[in-house]
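Residue strings, one per chain:
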Amino acid sequence: MNGDIEFLRSIAEHVEREVTARMAAVGRAGLGRKVPKGEHEARASETALIDHIAEQTILNMVEARRVEGECFNVLSEEKGYMDFGGDRVLVVDPIDGTYNALRGIPFYAVSIAIGHERLADVECGVVKNLVTGETYHAVRGKGAFLNDKKIHTAQFNPKASIFSVYLGTKASPQSYSVASLARRVRGLGAAALELCMVASGDIDLYYMVPTAERISLRVTDIAAGTLILREAGGEVYNDAYEVLDMEFTLTKRCKVIGIGDRKVLKFLEAKL
Ligand code: IPD
Ligand code: CA
């Protein structure tokens, strides 16, 4: 299992190196250039160069690992599901927070998890902040870590609460009600990192409940972050407050609520 984490961390480091180098070389405008959809590619929309570079770096490392004798299938946000004859699946968001990266907001990450078929069977995951280099990881049953230091969610104190809430024209009306309950509110724009920040106790709640299904999150956005938050003592729900599970597919999307302390859920249920 440690070998798995070392593999994921090494992938994340390679992505960081490639993206940082290309950002320095071509800038945000260059990395925002659209890459035309390849033949047989499942994705619905065009991919930006930054996503393509990160994804290609990951796929090259999966191929190198295959040559060394270990095969993984890959579910990636850009190219979809790729069956390489492995027993396990690497669930990948090459860049989580692309919009932040391309607008110059320094908050975006690579997110990688290993599992079989669904969120509930994810074994380990890594989320690396590509701006600060901070690395979160978790192994199921073994806890969650930030830069190798064990992390735990924070106890909820409504008077000092800080929530990260998805807001804007596509946010649900209850998102505004939730925001109004917090002492302080942020909307940070990178789901994987926001779940990790709940895990480390920096924020109390991640609330991503838009009006439209097509804006909701996919399993690639949250596979690693969900394990990290659960291993740190928190929980992840859908908007019906059911413990979230999702299949490894890009065709399904879900509204996501991540909490550090169960008291947050009670607080929301009592106030909304
Ligand atoms: C996006 C981010 C963002 C969320 C969007 C996601 P992407 O991921 O996680 O926070 O609001 O719905 O699509 O597109 O940058 O991988
Ligand atoms: Ca992405």
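Here, every reference points to the structure presented above.
Analysis parameters
- Residues numbered from 1 in each chain as written.
- Chains lettered and ligands numbered in written order.
- Predicted model: local features only at pLDDT ≥ 70, side-chain atom pairs only at ≥ 80, totals over all residues.
- Heavy atoms only, no water.
- Axes fitted to C-alpha atoms, helices over the stretch in contact; angles between N-to-C directions.
- Helix = DSSP H or I, 4+ residues; strand = E, 2+ residues; numbered from the N terminus.
- Parallel < 35°, antiparallel > 145°, perpendicular 65-115°, else oblique.
- Contact = heavy atoms within 4.5 Å.
- Nonpolar A, V, L, I, M, F, W, Y, C, P; charged D, E, K, R; others polar.
- 1 Å grid on protein atoms, 1.4 Å probe; cavity = no way out; pocket = protein on both sides within 12 Å on 5 of 7 lines; lining within 4 Å.
- Points joined across faces, edges and corners; volume = space filled by probe spheres on them.
- Buried < 20%, exposed > 50% of the residue type's maximum accessible area, 1.4 Å probe, protein only.
- Pairing = 2+ DSSP bridges.
- Polar contact = N/O pair within 3.5 Å; in protein donor to acceptor, adjacent residues only side chain to side chain.
- Donors = N, O, S within 2.8 Å, 3.2 Å for Na, K, Ca; no water.
- Phe/Tyr/Trp six-rings, centres within 6.5 Å; stacked < 30°, edge-to-face > 60°.
- Expected span 1.5 Å × (residues − 1).

### Remarks on the packing of helix H5 (residues 191–199) against helix H6 (residues 219–231)
Packing of H5 against H6 leaves a shortest axis separation of 8 Å and a crossing angle of 5°. When the interaxial angle is binned, H5 and H6 end up roughly parallel. Taking contact as the criterion, the partners of Ala-191, Ala-192, Leu-195, Cys-196, Val-198 and Ala-199 in H5 are, on H6, Asp-221, Ile-222, Gly-225, Thr-226, Ile-228 and Leu-229. For the contact of H5 with H6, the class distribution of residues is 9 nonpolar, 2 polar and 1 charged.

### Structural notes on the layout of surface pockets
Approximately 1,100 Å³ is the volume attributed to the largest pocket. In terms of lining, the largest pocket is formed by 40 residues, of which the most central are Glu-77, Gly-97, Thr-98, Tyr-99 and Asp-221. Broken down by secondary-structure element, the contributors of at least two residues to the lining of the largest pocket are strand S2 (47–48), strand S5 (88–96), helix H3 (98–103), strand S11 (162–165), H5 and strand S13 (205–208). Ranked by the residues each element gives to the lining of the largest pocket, the list is headed by H3, at 4 residues. Among the residues making up the lining of the largest pocket, the classes are represented as 17 nonpolar, 10 polar and 13 charged.

### Topic: the pairing of S5
A large share of S5 lies buried, amounting to 9 of its 9 residues. By the bridge criterion, 5 bridges tie strand S3 (residues 72–76) to S5 in an arrangement that is parallel. Bridge pairing in S5 places Val-74 opposite Leu-90.

### Looking at the side chain of Ser-175
Here Ser-175 lies in helix H4 (residues 173–181). Within the structure, Ser-175 has its side chain in polar contact with the backbone oxygen of Val-209 (distance 3.1 Å). Aside from chain neighbours lying at most four places away, what touches Ser-175 is Val-165, Tyr-166, Leu-167, Tyr-207 and Val-209.

### A few points about the coordination of the calcium ion (ligand 2)
Around the calcium ion (ligand 2), the protein contributes the donor atoms Glu-77 (OE), Asp-93 (OD), Asp-93 (OD) and Ile-95 (O), at 2.2 to 3.1 Å from the metal centre. All donor residues of the calcium ion (ligand 2) come from one chain, and their arrangement in sequence is E-x15-D-x1-I. With Glu-77 in the loop between S3 and strand S4 (80–82) and Asp-93 in strand S5, this residue pair connects regions lying 16 residues apart in the sequence. Residues Glu-77 and Asp-93 agree in their burial class; the two are buried.

### Examining the sheet that holds strand S14 (residues 235–237)
Read across the sheet, 5 strands follow the order S12-S11-S13-S15-S14 without closing on themselves; strand pairing throughout is mixed. Every interior strand has two partners, whereas the edge strands, strand S12 (184–186) and S14, have only one. Neighbour-to-neighbour, the strand axes of this sheet turn through a mean angle of 20°, independent of strand direction. As paired elements, S14 and strand S15 (residues 256–259) share 3 bridges and run antiparallel to each other.

### Some words on the packing of aromatic side chains
The full count for this structure, using the stated rule, is 3 aromatic pairs. Note on Phe-156 and Phe-163: the rings are 6.3 Å apart at their centroids and 25° apart in plane angle, and the pair reads as stacked. Here Phe-156 matches Phe-163 in class, with each residue buried. Geometrically, the ring pair formed by Phe-156 and Phe-267 is edge-to-face, given 5.2 Å between the ring centres and 65° between the ring planes. In this pair, Phe-156 is assigned in the loop between strand S10 (149–151) and S11 and Phe-267 in helix H7 (residues 262–271), connecting sequence segments 111 residues apart. Neither Phe-156 nor Phe-267 differs from the other in exposure class; each is buried. Ring pairing ties together the aromatic residues Phe-156, Phe-163 and Phe-267, which thus form one cluster.

### Details of helix H2 (residues 49–68)
Taking 1.5 Å per residue as the helical rise, H2 with its 20 residues ought to reach 28 Å, and the 29 Å between its terminal C-alpha atoms agrees with that figure. For H2, every residue scored as buried is listed here: Leu-49, Ile-50, Asp-51, Ile-53, Ala-54, Glu-55, Thr-57, Ile-58, Leu-59, Met-61, Val-62 and Arg-65. Phi turns positive, to about 115°, at Gly-69, one or two residues after H2.

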